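Analysis of the macromolecular model
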Amino acid sequence: MFHKNSVYWITGASSGIGEALAKSVYENGGRVILSARDTEKLEEICRNWKDRDRWMILPLDMNLHHEMEEKTRTAFDR
């Protein structure tokens, strides 16, 4: 379902569809960057994920447009 050599950057990953998608990507062998404003919730989601090199938490508030270039660079560097 997910390409194991691809990285999926999921915004809104702290709840709802975003959370479900992030979990599905990880559980199916994919690599995932989880973004949302609620860093604690993102950490809770990843707490039991063992393969640390397959996931990354990248806090993000889509309303802070001035941060988007830096956040995008960070995601692509991953």
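Quick summary incoming for the structure in this document. (Residues numbered from 1 in each chain as written. Predicted model: local features only at pLDDT ≥ 70, side-chain atom pairs only at ≥ 80, totals over all residues. Heavy atoms only, no water.)

1. Notes on empty space enclosed by the protein
To keep things clear, this is the line we draw: Both cavities and pockets are sets of points on a 1 Å grid over the protein atoms alone; in a cavity a 1.4 Å probe fits but cannot get out, in a pocket the set is open with protein on both sides within 12 Å along at least five of seven lines, and lining residues sit with an atom within 4 Å of a point. Grid points are joined across faces, edges and corners, and a volume is the space filled by probe spheres set on the points. To qualify as a helix, a DSSP run of H or I must reach at least 4 residues; to qualify as a strand, a run of E must reach at least 2; elements of each kind are numbered from the N terminus. When residues are sorted by character, Ala, Val, Leu, Ile, Met, Phe, Trp, Tyr, Cys and Pro go into the nonpolar class, Asp, Glu, Lys and Arg into the charged class, and all the rest, Gly among them, into the polar class.
Overall, the coordinates contain one cavity of 30 Å³ or more when judged by the stated rule. Of the volumes computed, that of the largest cavity is approximately 30 Å³. Ranked by residue count, the leading element in the lining of the largest cavity is strand β2 (residues 31-35), at three residues. Its residues assigned to classes, the lining of the largest cavity comprises four nonpolar, no polar and four charged.

2. Description of helix α2 (residues 39-46)
Our working rule: Each residue gets one of three labels from its accessible area relative to the maximum for its type: buried under 20%, exposed over 50%, partly exposed in between, using a 1.4 Å probe on protein chains only. Note that the arc is defined by the directions from the helix axis to the C-beta atoms. The contact rule is simple, with two residues in contact once any of their heavy atoms fall within 4.5 Å.
Taken together, the buried positions of α2 are Leu42, Ile45 and Cys46. Within α2, the buried residues cover an arc of 90° as seen down the axis, which keeps them to one side. Turning to α2, the residues buried within the fold contact α1 (16-27), β2 and β3 (55-57).

3. A look at the nonpolar core
For soluble globular proteins, nonpolar side chains are generally found buried alongside one another. This is how it is decided: To form a nonpolar core, buried Ala, Val, Leu, Ile, Met, Phe, Trp, Tyr and Cys residues must be joined to one another through side-chain atoms within 4.5 Å.
Residues Ile10, Ala13, Ala22, Val32, Leu34, Trp49 and Trp55 are the most contacted members of the largest nonpolar core, which totals 13 residues. Contributions of two or more residues to this core are made by α1, β2 and α2. Ignoring anything within four residues of it in the chain, the contact list for Trp55 reads Tyr26, Val32, Leu34, Cys46, Trp49 and Arg78.

4. Some thoughts on the pairing of β2
Defined as follows: A right-handed crossover is one whose linking path, passing over the helix from the first strand to the second, runs clockwise when the strands point away from the viewer. Two strands qualify as a pair provided that DSSP identifies no fewer than 2 bridges between them.
Of all the five residues making up β2, four are buried; the element is thus mostly covered by neighbouring parts of the structure. Once the chain exits strand β1 (residues 7-11) it traverses α1 before rejoining the sheet at β2, and the crossover so formed is right-handed. Sheet topology note: the β2/β3 ladder contains three bridges and is parallel. Directly across from Leu34, in β3, lies its bridge partner Ile57.

5. Digging into the side chain of Lys71
Just so we agree on the cut-off: All tallies of charge rest on Lys and Arg as positive and Asp and Glu as negative; His and the ends of each chain are not included. Salt bridges are defined by distance alone: a side-chain nitrogen of Lys or Arg within 4 Å of a carboxyl oxygen of Asp or Glu. Here a polar contact is taken to be a pair of N or O atoms separated by no more than 3.5 Å, where protein atoms must pair a possible hydrogen donor with a possible acceptor and residues adjacent in sequence count only if both atoms sit in side chains.
Topologically, Lys71 is positioned in helix α3 (residues 68-77). This buried residue, Lys71, is left without a salt bridge; Glu67 holds the nearest opposite charge, at 4.5 Å. Within the structure, Lys71 has its side chain in polar contact with the backbone oxygen of Pro59 (distance 2.7 Å). Not counting the four nearest positions on each side in its chain, Lys71 is found in contact with Trp9, Leu58, Pro59 and Leu60.

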